[in-house]
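For reference, the chains in residue letters:
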Amino acid sequence: MQVRYSYLKQQFANCDDLWDELKKFVSTGDFTLGKHLKRFEKNFANLIGTKYAIGVNSGTDAIKLSLKALGIKQGDEVITAANTFVATVGAINELGAKIVFIDCDDSFCMNVNHLENYITNKTKAIVPVHFTGYMTNMPKLLEISNRFKIPVIEDACQSILGAIDDKNAGTWGETGAFSLHPLKNINVWSDGGMIVTSNRNLYNKISLLRNHGLSNRNNVEILGYNSRLDTIQAVVGNWLLPTTHEITKKRIVNATYYDNAFRGISEIKIPTRPSDYKIVYHLYMVLAERRDELLRHCIANGIEAKIHYPVPIYLQPALLHLGHKQGDYPVADEQAKSTITFPCDQHITKDEMNYVIEIVKSFYAQKS
Ligand SMILES: *Cc1c(COP(=O)(O)O)cnc(C)c1O
């Protein structure tokens, strides 16, 4: 059996109604901003539970424009997590700010118990990453950030509808940044992103920033970017967005199925699953003994398992100038050596999951 990682072929196998929408859309010529995007933004904000949403061209720009709107500039320090996708640090770097990492904990997210140790008088923003669809401990993080009056931008790119105590990812910080990249839980047919906020000033400022700072055709209010979300992708987004709850539910059901099976394997460690957290499993990630061998065994048996990531971002060659060395963030280091990600999307079948479980079991049974 083959268990693929990407389900995109299945996701858009039956979308004749979307093609009808796209045909209608093309005949309007409404290709920049416009009513489809407005509708997508309104529905996205409603889904997450914020007053506003602003469509942008990527999750990276969702973070960048949020930081820009806060006035982040060269010489400032921005705190983020030591294990994240490069985009988080790329966005911070684009504004010239210094990237300050904090180690992760069992949740794969920033260990907020360390946060105070890293705050200086140059710290101008905190960017927690809700990595894998888990949540950063936001109640505790906000208690600290409020005390120090440091704004928070949530990197919620992997955690749409993730929540703590029913409060969604993206609603805790000044803004929340989402990605609509094809591999994210809610996706379009190209790059795309969304910024959510309930702060009217930030909404106005970010709306300007994403469209060259133009308040109207003839007036450049501030210098900005071309970071618009393509309206054609908003049409795709409008088609998919109503299924977000269903997609999320399926992922949670599938992850629970894996959890129950893997609990019987002593060499696999499942992260804690706090009952007040809603984890949305962008990545279904567990810790495995003899991880590299297990990965090879899975690949050899047709299972497209992955590692997120074999080298933590803080040790990547592009960030050598920060002067970090292996061991600076021991939990991130350990996770880089022991985590493995299995396909756990809304299209995977029970047979496929059973096969994954069987192959993992057979690996530890044979070779221990
Ligand atoms: C995908 C992702 C981003 C950025 O998304 P793009 O849309 O690809 O620019 C940022 N942070 C994290 C954690 C991500 O997974």
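Our structure is the block above this text.
Residues numbered from 1 in each chain as written. Predicted model: local features only at pLDDT ≥ 70, side-chain atom pairs only at ≥ 80, totals over all residues. Heavy atoms only, no water.

A. Structural detail: the pairing of strand E8 (residues 175-179). When you tally the buried positions in E8, you get five out of five residues, the bulk of the element. Here E8 shows two buried faces, one formed by Thr175, Ala177 and Ser179 and the other by Gly176 and Phe178. Bridge count between strand E5 (residues 153-155) and E8: three bridges; the pairing is parallel. Its bridge partner being in E8, glutamate 154 is matched across the sheet by glycine 176. Pairing of E8 with strand E9 (residues 193-197), which is carried by five bridges, proceeds in the antiparallel orientation. Each residue of the ladder has a partner; that of glycine 176, found in E9, is valine 196. (Buried < 20%, exposed > 50% of the residue type's maximum accessible area, 1.4 Å probe, protein only. Helix = DSSP H or I, 4+ residues; strand = E, 2+ residues; numbered from the N terminus. Pairing = 2+ DSSP bridges.)

B. Quick look at the nonpolar core. Of all hydrophobic cores here, the largest spans 88 residues; its most connected members are Phe44, Tyr258, Phe262, Ile268, Leu294, Phe342 and Val360. Not counting residues up to four positions away in its chain, the partners in contact with leucine 294 are Ile268, Ala288, Ile340, Phe342, Val360, Phe363 and Tyr364. In terms of nonpolar packing, the next biggest core, distinct from the first, is built from 31 residues, Ile99, Ile206, Tyr314 and Leu319 among them. (Core = buried A, V, L, I, M, F, W, Y, C linked by side-chain atoms within 4.5 Å. Contact = heavy atoms within 4.5 Å.)

C. The arrangement of the environment of tyrosine 284 in detail. Here tyrosine 284 lies in strand E14 (residues 284-288). Between the alpha carbons of tyrosine 284 and proline 343 there is a distance of 6.9 Å; along the sequence they are 59 residues apart. If we ignore the near neighbours within four places in the chain, the residues touching tyrosine 284 are Ala255, Tyr258, Asp259, Phe262, Arg273, Ile340, Thr341, Phe342 and Cys344. Reaching out from tyrosine 284, the side chain makes a polar contact with the side chain of aspartate 259 at a distance of 2.6 Å. (Polar contact = N/O pair within 3.5 Å; in protein donor to acceptor, adjacent residues only side chain to side chain.)

D. Seen up close, the sheet that holds strand E4 (residues 123-127). Spatially, three strands are ordered E3-E2-E4 in an open sheet, and the strand pairing comes out parallel. This sheet does not close on itself; its edge strands, each paired only once, are strand E3 (98-102) and E4. Across the sheet, the mean angle from the axis of one strand to that of its neighbour is 30°, orientation sign disregarded. Pairing analysis gives five bridges linking strand E2 (residues 77-81) to E3, with the strands arranged parallel. Looking at E3, one finds that threonine 80 is bridged to phenylalanine 101. (Axes fitted to C-alpha atoms, helices over the stretch in contact; angles between N-to-C directions.)

E. Helix H4 (residues 59-69), seen in detail. Across the eleven residues of H4, nine count as buried, placing the element largely inside the fold. For H4, the set of buried residues is Gly59, Asp61, Ala62, Ile63, Lys64, Leu65, Ser66, Leu67 and Ala69. By the N-cap criterion, in which a side-chain oxygen at the helix start approaches the backbone nitrogen of a residue two or three places on, H4 is capped by serine 58, the distance to threonine 60 being 3.4 Å. Glycine 71 sits one or two residues past H4 and shows a positive phi near 85°.

So, to be careful, I would describe these as geometric facts and stop short of saying anything about function.
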